[in-house]
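What the coordinates show
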Amino acid sequence: MAGCGSWLFFITVCAATQFGAKAEITFTIPVGNFFTYELLRETFQNDFEPLSKLYGRHYDDPIMFKCNKQNFPDLPEWLRFTQRHAYDSGFLYGTPTSPGKNIIEIYGISKRSYATARQILVIKVTAEKMLPYQAEFFIELREIEKVLPPPVQAGIKQDLQKLWDTEDLEIMNITNALDRGGRVPLPLPGHYEGVYVKVGSEQYFSSCLLRVLTPEHRRQCTSGAKVKVPGGCSFCKIPSNCITWCKTELIDLTKFEPTSPPPTVGSGILEAGGDFSPPESPPSRDFFPDYMVTVIVPLIIAVLLCLLLAYVMFGRREGVAKRNIRTNQIQLYHHHTIHGNTDELRTMAANRGVPPPLSTLPMFNSRTGERASPLQSDSPSIPLIMAQHDPYSDTLPR
């Protein structure tokens, strides 16, 4: 009996797992209302290993979430997803702008075992009239992940209800300041990204909110001075819920002019208007001035430049005679001597029959010019100087 109960429990858990992974979660929200859905890590952790608790194993895997519209690579334009870290829960949030049905696929991926779990979220958006009076506030000491949980939204809503002096107040949108062009804060304590909270109501603005429209308030915000909170208008119990008055914006939809109706779409067939009358041929045009400007003028400029270059290269040369007159005679003598010696060496190299230079002969004395007769031997070991043959002989002239 106990064995049958265990098998029944096992089959029940498996069936619940299979059907739970493919179950659809349906929400119905009106247009203009704020939607929030929290992706709990615990739910997906149970889907990864549903039988782990039976064996006393409890995992706390880092989980990454991937969300997209069914058959589409991304989410709808009005829906956003955020998850700060893999050990935090994720949030889907946004405000629908048009009625319709959106099917969202949510995938949870365990970074420990790479197991996946899938959920289907069906969001049905119904048509509803927008609230006529809206206000947007900037909360500087908040981050989007800390504002999306329902208890935090309820606390902010209570403070804004006191500020608006009405209970008929609805949160219409919450936006991260980074999505509105805000700067990324420093990773230090006390620095936050900030969020924009938009609320709406059927009741007109309170006197505290109408002070935002006064010229004095605008002058203080423009000058950059510290804006004082209007007297009796500070209702934030928690300091992190206090708003920035200079970034408060009031929207009155009753003053907006109704939009013009869209144009009527026709059948797409042109009406009969008679025969087509083609336009007359254009008058003849003289292209000779254009030819002069585009061809002749550049050609003349090119010829003038060539003449100027020829004058510089050939008309400004001094000549060899003038150069020699202005050159020092000693410099000219050395120059001609170098040329003469070069020619002589080239001639000697070409004609091997001439006698070799005195400096190349053996037993040559460079001071007296005297030379001794070479020894009658063809051996290459004959010394060029007698000192090499007799180291004790004195070859210097006395």
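Remember, it's a predicted structure, so these values are computed and weren't measured experimentally.

On to the overall build of the chain, then. Along the backbone of the chain there are ten helices and eleven strands. Residues counted as buried form 27% of the 398 residues belonging to the chain. Taking the intrachain contacts of the chain between residues at least 6 apart in sequence as the baseline, contacts between residues at least 24 apart amount to 68%. Carbon together with sulfur atoms contributes 59% to the accessible area of the chain, which is approximately 28900 Å² in total.

This paragraph deals with the packing of aromatic side chains. Applying the stated criterion across every chain, the model contains nine aromatic pairs. Judged by centre distance (5.2 Å) and plane angle (85°), the ring pair of Tyr133 and Tyr204 falls under edge-to-face. Here the residue Tyr133 occupies a position in strand β8 (residues 133-139), and Tyr204 occupies one in the loop between β10 (195-201) and α5 (207-210), the gap between them amounting to 71 residues. Here Tyr204 falls in the partly exposed class, since its relative accessible area comes to 38%. Judged by centre distance (5.7 Å) and plane angle (75°), the ring pair of Tyr133 and Phe205 falls under edge-to-face. Of this pair, Tyr133 sits in strand β8 while Phe205 sits in the loop between β10 and α5; the two residues are 72 residues apart in sequence, bridging distant segments of the chain. A connected cluster of aromatic rings, assembled from ring pairs, spans Tyr133, Trp164, Tyr204 and Phe205. Positioned above the aromatic ring of Tyr196, the side-chain terminus of Arg180 is 4.2 Å from the ring centre.

Phi at Tyr114 is positive, roughly 60°, even though this residue is not glycine. Examined against the element boundaries, Tyr114 turns out to sit in the loop between β6 (100-110) and β7 (116-126). The class of Tyr114 is exposed, set by a relative accessible area of 65%. With phi around 65°, Asp165 is a residue other than glycine that occupies positive phi space. In this structure, Asp165 sits in the loop between α4 (150-164) and β9 (170-176).

Relative to the elements of secondary structure, Glu143 occurs in the loop between β8 and α3 (144-147). Since its relative accessible area comes to 17%, Glu143 is described here as buried.

Attention now goes to the side chain of Gln153. Its place among the elements puts Gln153 in helix α4. Gln153 sits in the buried class, given a relative accessible area of 12%. When sequence neighbours within four positions are dropped, the list of residues in contact with Gln153 reads Phe34, Thr36, Val147, Leu148, Ile171 and Ile174.

This part takes up the environment of Ser234. With respect to the secondary-structure elements, Ser234 resides in the loop between α6 (215-223) and β11 (249-252). Taking the C-alpha atoms as reference points, Ser234 and Cys208, 26 residues apart in sequence, are found 9.2 Å from one another.

Turning our eyes to something else, we now look at the confidence of the model for the chain. Averaged over all residues, the pLDDT of the chain equals 79, while 78% of them reach at least 70. Here residues 1-21 is a poorly scored stretch, pLDDT under 50, and it has eight contacts once near neighbours within four places are set aside; other chains count. Segment residues 374-389 is flagged for pLDDT under 50; beyond a separation of four residues in sequence, or across chains, it makes 15 contacts in the model.

Moving on, we come to the environment of Lys66. Relative to the assigned elements, Lys66 resides in strand β3 (residues 63-69). Residues Lys66 and Gly108, 42 residues apart in the sequence, show an inter-C-alpha distance of 6.6 Å.

Each value, and the rule that gives it
- Residues numbered from 1 in each chain as written.
- Predicted model: local features only at pLDDT ≥ 70, side-chain atom pairs only at ≥ 80, totals over all residues.
- Heavy atoms only, no water.
- Helix = DSSP H or I, 4+ residues; strand = E, 2+ residues; numbered from the N terminus.
- Buried < 20%, exposed > 50% of the residue type's maximum accessible area, 1.4 Å probe, protein only.
- Contact = heavy atoms within 4.5 Å.
- Areas by Shrake-Rupley, 256 points an atom, 1.4 Å probe, with all protein chains shown as cover.
- Phe/Tyr/Trp six-rings, centres within 6.5 Å; stacked < 30°, edge-to-face > 60°.
- Lys NZ or Arg CZ within 6 Å of the ring centre and 35° of its normal.
- pLDDT = per-residue confidence, 0-100.

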